[in-house]
Every structure is written in structure tokens, then in C-alpha cells.
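Here are the chains, one letter per residue:
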Amino acid sequence: MRLLAFAVAAVLLLAACAGSPAALNSALQGTPSADQVNAVAKNLYCPVCANVPLDVCGTAACAQWRGQIADLLADGYSEQQVYDYFAAHYGQGVLAVPPARGLNWLVYLLPPAVILGAALLLGRNLRRWQQAAPSAAKPSKDDEYTRQLEEELKARR
């Protein structure tokens, strides 16, 4: 019976080791892996450096925040709950992707609207330029100035 229990334990340990060591470590300790923490941290900005994601920043403040993220994930917080926690404590500026509510909708709507408006304006102006170009390129035969110039050139020859 002991031999069977030992064999089952060995098989379970080998099956667990077949995954990544980080996953095995986090499963045994109940703490999130560094990959799980960085997956959340990449969507938060550093509180000290401007526009630097938390997962790549090397400041002590970012290390502290990553530790806080690990603690929150270990406490059972979901990814969205961690974002909500940081936004509630440090403001919306720490979020890499602002939530789509209130005036934040402008961030999502204005760039496509400006690009579409610019494309329409450019298309309309291109059509106008194409229509105006042939009349400007060819002088009309009825133009008095052109006729007089041609006569003077003939007279000099």
C-alpha cells in the first residue's frame, strides 16, 4: 500500500513538473507568478516616470507596486479589480487604457473622426484640383493677351 501511495505521489509530482517551473512554484505557494503580475502591470503606468509601463520600469516605486499587485492577486482579486483598485487609489492616469466612459469616449472617437474628416476634405480638394487643372494649363485662343503676344513674336521674325 505504501508503494502505491509513493507511486501516485511521484506521478503527480512529475505531472506537475511537466509544466513550467514558475507555474509549479506559484501553484505550490499560492502566489501569482511573475508573468501573471507582469500581465497586469503592463496595463498600468509608473507613478514616477511618465508614460512608462509598470512591467518594464526599474524604479523602487514600480517594484513596490508590482509587489502590491502580487498581493492583490494572491488575495483573489481579478485583473479588473486590480485596475479598479489602482485607479481608485492613484487616479485614472495610472491606467494605460482609460475606461470608455464619460469624456474618455473622446479618446476613442476623435482620432477616427479626424482621420475620416481629413480624408473627405482631401478627396474633395483633389477633385476640385483635377477639374481646375486643364483650364489653367491651356491658354484659350480667344485670350487677347495671348493673341497680341503671338502677333508681336511673328513680327520680330
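Shown above is the structure to which this text applies.
**Here we look at the environment of Gly93**
Then comes step 1: With respect to the element layout, Gly93 can be found in the loop between α5 (79–90) and α6 (105–137).
Then comes step 2: Measuring from C-alpha to C-alpha, the distance between Gly93 and Pro47 comes to 8.9 Å, with 46 residues separating the pair along the chain.

**Things to note about the nonpolar core**
The nonpolar side chains of a soluble globular protein tend to be buried, and buried together.
Then comes step 1: Among the nonpolar cores identified, the biggest contains 18 residues, and Leu44, Leu54, Ile69, Val82 and Phe86 are the most heavily contacted of them.
Then comes step 2: Of the residues forming this core, the biggest block, 5 residues, is contributed by helix α4 (residues 60–74).
Then comes step 3: If sequence neighbours within four positions are ignored, Phe86 has contacts with Leu44, Trp65, Gln68, Ile69, Leu72, Gly91 and Val94.

**Structural notes on the pattern of salt bridges**
Think of it this way: side chains of opposite charge can pair up when their charged atoms draw near.
Then comes step 1: Under the defined criterion, the tally for this structure stands at 2 salt bridges.
Then comes step 2: Taking the shortest distance from any N to any O, the salt bridge between Arg147 and Glu151 comes out at 2.8 Å. Of the two residues, Arg147 and Glu151 are both situated in helix α7 (residues 144–156); the distance of 4 residues between them amounts to about one turn of the helix.
Then comes step 3: Under the relative-accessibility criterion, Glu151 is labelled partly exposed at 45%.

**Comments concerning α5**
Then comes step 1: With 12 residues, α5 extends 16 Å between its outermost C-alpha atoms, agreeing within 8% with the 16 Å of an ideal straight helix rising 1.5 Å per residue.
Then comes step 2: If you check which residues of α5 are buried, you get Val82, Tyr83, Phe86 and Ala87. Looking straight down α5, one finds its buried side chains confined to an arc of 130°; they lie on one side.
Then comes step 3: Against α3 (34–41) and α4 lie the buried residues of α5.
Then comes step 4: Downstream of α5 by a residue or two, Gly91 has a phi angle that is positive, lying close to 95°.

About the thresholds
Residues numbered from 1 in each chain as written. Predicted model: local features only at pLDDT ≥ 70, side-chain atom pairs only at ≥ 80, totals over all residues. Heavy atoms only, no water. Helix = DSSP H or I, 4+ residues; strand = E, 2+ residues; numbered from the N terminus. Core = buried A, V, L, I, M, F, W, Y, C linked by side-chain atoms within 4.5 Å. Buried < 20%, exposed > 50% of the residue type's maximum accessible area, 1.4 Å probe, protein only. Contact = heavy atoms within 4.5 Å. Salt bridge = Lys/Arg side-chain N within 4 Å of Asp/Glu carboxyl O. Expected span 1.5 Å × (residues − 1). Arc of directions from axis to C-beta.

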